[in-house]
Amino acid sequence: MTETRPPMLFTRRRFLLAASLLTAALATGLRPAAAQVQGAEPFVKSFASQLVGIVNSPQSEAAKQAALGPVIDQNVDVPAIARFCLGRFWSQATPAQQQEYVALFHKVLLRNITGHLGEYRGVTYQVTGTRNQGGEELVGTTIDRPQQQPIDVEWVVSGQSGAPKVVDVIAEGTSLRLTQRQDYASYLSRHSFNIDTLIAALRRQLART
Amino acid sequence: MRAPHILRPALCLGFGLATLAACATKPPASDPEALQEYQQTNDPLEPTNRFFYRVNNTLDAYLLKPAAQAYVFVLPIPVRNGVHNFLSNLSSPVLLADDVTQGKPRRAGDTFMRFMINSTAGVVGLFDVAKEVGYPGHDSNFGVTLALWGVPEGPFLYLPFLGPSSPRAFTGFAVDTAADPFNYVPHGYGLLTLNWARFGLGTLDTRSRYLGDIEKVKATALDPYATFRSLYRQNTQSQIEKVRDDNRATTPDWYQ
């Protein structure tokens, strides 16, 4: 009996160790993003500071737009947002359609962001707190603009792409990606669910000055 | 969050007859994703709603928007802010009733103090002095109250003149209008003129505040109607959550 006890303990301990390792592995395997979004708040602070720095700088509108492009590409997971916005139609699209759509979406998004720079002169922001929702971190900020009511903006940060990146912006409770997804879904439902019509519409949108 | 099954065809029929428009066709059960989308959108009266969206848009393009642009062009920001503060102050009694029916004593207290301070120190509400002394303003309506009472939103409605709504929001609007003491001013008083001025200025004030935002949506959306529908729903939801989550203690800070 005395000879069997230490091995018993050993196996039990090993079992416990294996079990905890397995649980940890399962947990990380199920939610690979969770562990990597740890630095969501400093990430949003750095991104927002870069944005505010460019917007408030004394350079010309064109120079600001040129400077914003790389900052957005570096901090925003545009392909993930594009995929989300296409919703259930993403899997129905051919790889060629997907590729063309993401490229167009990227251009449209950049244009929509940089097109309204003038309205944000003199902007300041404050981080108000962070909460977790479905494996994504929501970093809350309050944005102040001169002569205007302050607005609450939440930055949704995901680590899905390997590094923390913004995947949605929620302004006063309205989600950018959800609104866009419902816009596209409605457009597709009125154009016989043909993804090529959506691609053509995005192209027309870009052609407009 | 939908109207009961028996109600839906009746609603469709009523509106359909009234406008000679049809109801949106429900996708078959064999396409679960499309069906789910249809249920999430919850817009069975879409063709009728789109008709009124076009009507309102035309009215807006020729009347309201130019008027709002002129309003912004003629009056400087401090004057427009004064008008806005004055109008907000006038709706304080209704707001107070909404805060109370929502069971939010701190919000009701804010509204009460704001009305007292701004009506006196704020010169009949022209200046928002209360904000500076710790009583920030908020917005609410009886639709939010109904939501907190558990009344479902019902299908999306786009109403003539009023714009995006729902049976719940419209009921709330009707209750707020009926509860407004300024709507019971006896005839023959100068206050009746004030009521019309209030209605006109209120419309201009609201429209002028959304001049940029509405244009932005129209310029960037592929289907502006669907985008406004989505924004309206999300905004309503966030307004409800904001009130629901405001659980500040009733004991004031200075007492503790």
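Not measured: the values here are computed from a predicted model. (Residues numbered from 1 in each chain as written. Chains lettered and ligands numbered in written order. Predicted model: local features only at pLDDT ≥ 70, side-chain atom pairs only at ≥ 80, totals over all residues. Heavy atoms only, no water.)

## Quick look at the overall build of chain B
Next, step 1: If you tally the helices and strands in chain B, you get 12 helices and two strands.
Next, step 2: Listing each helix as α and each strand as β along chain B from the N terminus yields α-α-α-α-α-α-α-α-β-β-α-α-α-α.
Next, step 3: Burial statistics for chain B: of 256 residues in total, 38% are counted as buried.
Next, step 4: Of the roughly 14400 Å² of accessible surface on chain B, 67% is carried by carbon and sulfur atoms. (Helix = DSSP H or I, 4+ residues; strand = E, 2+ residues; numbered from the N terminus. Buried < 20%, exposed > 50% of the residue type's maximum accessible area, 1.4 Å probe, protein only. Areas by Shrake-Rupley, 256 points an atom, 1.4 Å probe, with all protein chains shown as cover.)

## Section: the side chain of arginine 177 of chain A
Next, step 1: For arginine 177 of chain A, the position within the fold is in helix 7 (residues 176-189).
Next, step 2: Residue arginine 177 of chain A is classed as buried on the basis of its relative accessible area of 14%.

## Observations regarding the nonpolar core
Next, step 1: In terms of nonpolar packing, the biggest core is built from 44 residues, with Tyr101, Phe105, Tyr184 and Leu198 of chain A touching the most fellow members.
Next, step 2: Going through the elements one at a time, helix 3 (40-56), helix 4 (61-75), helix 5 (78-86), helix 6 (95-114), strand 2 (136-144), strand 3 (151-158), helix 7 and helix 8 (195-207) of chain A are the ones with two or more residues in this core.
Next, step 3: The greatest single-element share of this core, amounting to eight residues, is contributed by helix 3 of chain A.
Next, step 4: With nine residues, the next largest nonpolar core counts Phe52, Tyr53, Phe156 and Tyr158 of chain B among its residues. (Core = buried A, V, L, I, M, F, W, Y, C linked by side-chain atoms within 4.5 Å.)

## Regarding a nonpolar patch on the surface
Residue and element names in this part refer to chain B.
Next, step 1: Together, Phe51, Val55, Leu59, Tyr62, Leu63, Phe161, Leu162, Phe170 and Phe173 give the surface a local cluster of nonpolar side chains, amounting to about 950 Å² of exposed area.
Next, step 2: Elements represented by at least two residues in the nonpolar patch include exactly helix 3 (46-74) and helix 9 (167-179).
Next, step 3: The element that contributes the greatest number of residues to the nonpolar patch is helix 3, accounting for five residues.
Next, step 4: Here valine 55 is to be found in helix 3.
Next, step 5: Relative accessible area serves as the criterion here: at 30%, valine 55 is assigned to the partly exposed category. (Patch = residues over 30% accessible without salt bridge, like charges linked within 9 Å, V, L, I, M, F, W, Y side chains within 5 Å. Salt bridge = Lys/Arg side-chain N within 4 Å of Asp/Glu carboxyl O.)

## A word on the interface of chain A and chain B
Next, step 1: The partner chain B presents 23 residues to the 26 residues of chain A that form the contact.
Next, step 2: Summed over both sides, the interface of chain A with chain B buries roughly 2000 Å², with 46% coming from carbon and sulfur.
Next, step 3: Taken as a group, Arg88, Thr179 and Asp183 of chain A account for 26% of the area that chain A buries against chain B, more than any other trio of residues on that side.
Next, step 4: The tally of links between chain A and chain B comes to two salt bridges.
Next, step 5: One salt bridge in this structure joins glutamate 172 of chain A and lysine 242 of chain B, with 3.6 Å as the shortest N-O distance.
Next, step 6: Those elements that place two or more of their residues in the side of chain A that touches chain B are strand 5 (174-175), helix 7 and helix 8 of chain A. (Contact = heavy atoms within 4.5 Å. Buried area = accessible area lost by both parts, 1.4 Å probe.)

## What to know about the packing of aromatic side chains
Next, step 1: Enumeration according to the criterion identifies 17 aromatic pairs over all chains in this entry.
Next, step 2: Taking 5.4 Å as the distance between ring centres and 85° as the angle between the ring planes, the aromatic pair formed by tyrosine 53 of chain B and tyrosine 158 of chain B counts as edge-to-face. With a gap of 105 residues between them, tyrosine 53 of chain B in helix 3 and tyrosine 158 of chain B in strand 1 (residues 157-159) connect regions that are remote in the sequence. The same class applies to tyrosine 53 of chain B as to tyrosine 158 of chain B, namely buried.
Next, step 3: Taken together, a centroid distance of 5.6 Å and an interplanar angle of 85° make the contact between phenylalanine 142 of chain B and tryptophan 149 of chain B edge-to-face.
Next, step 4: Here phenylalanine 142 of chain B falls in the buried class, since its relative accessible area comes to 12%.
Next, step 5: In this arrangement the basic side chain of arginine 177 of chain A is found over the ring face of phenylalanine 84 of chain A, its NZ or CZ atom lying 4.6 Å from the centre.
Next, step 6: Over the ring of phenylalanine 84 of chain A we find arginine 181 of chain A, and its NZ or CZ is 4.3 Å from the ring centre. (Phe/Tyr/Trp six-rings, centres within 6.5 Å; stacked < 30°, edge-to-face > 60°. Lys NZ or Arg CZ within 6 Å of the ring centre and 35° of its normal.)

## Considering the sheet that holds strand 3 of chain A
All names here are of chain A.
Next, step 1: The strand order 1-2-3-4-5 describes an open sheet built from five strands, whose pairing is antiparallel. Of all strands in the sheet, those bounded by a partner on one side alone are strand 1 (124-133) and strand 5.
Next, step 2: Sheet topology note: the strand 3/strand 4 (residues 165-171) ladder contains six bridges and is antiparallel. Residue valine 153 lies in a different strand from strand 4, and its bridge partner there is alanine 171. (Pairing = 2+ DSSP bridges.)

These values are about where atoms sit, not about what they do.
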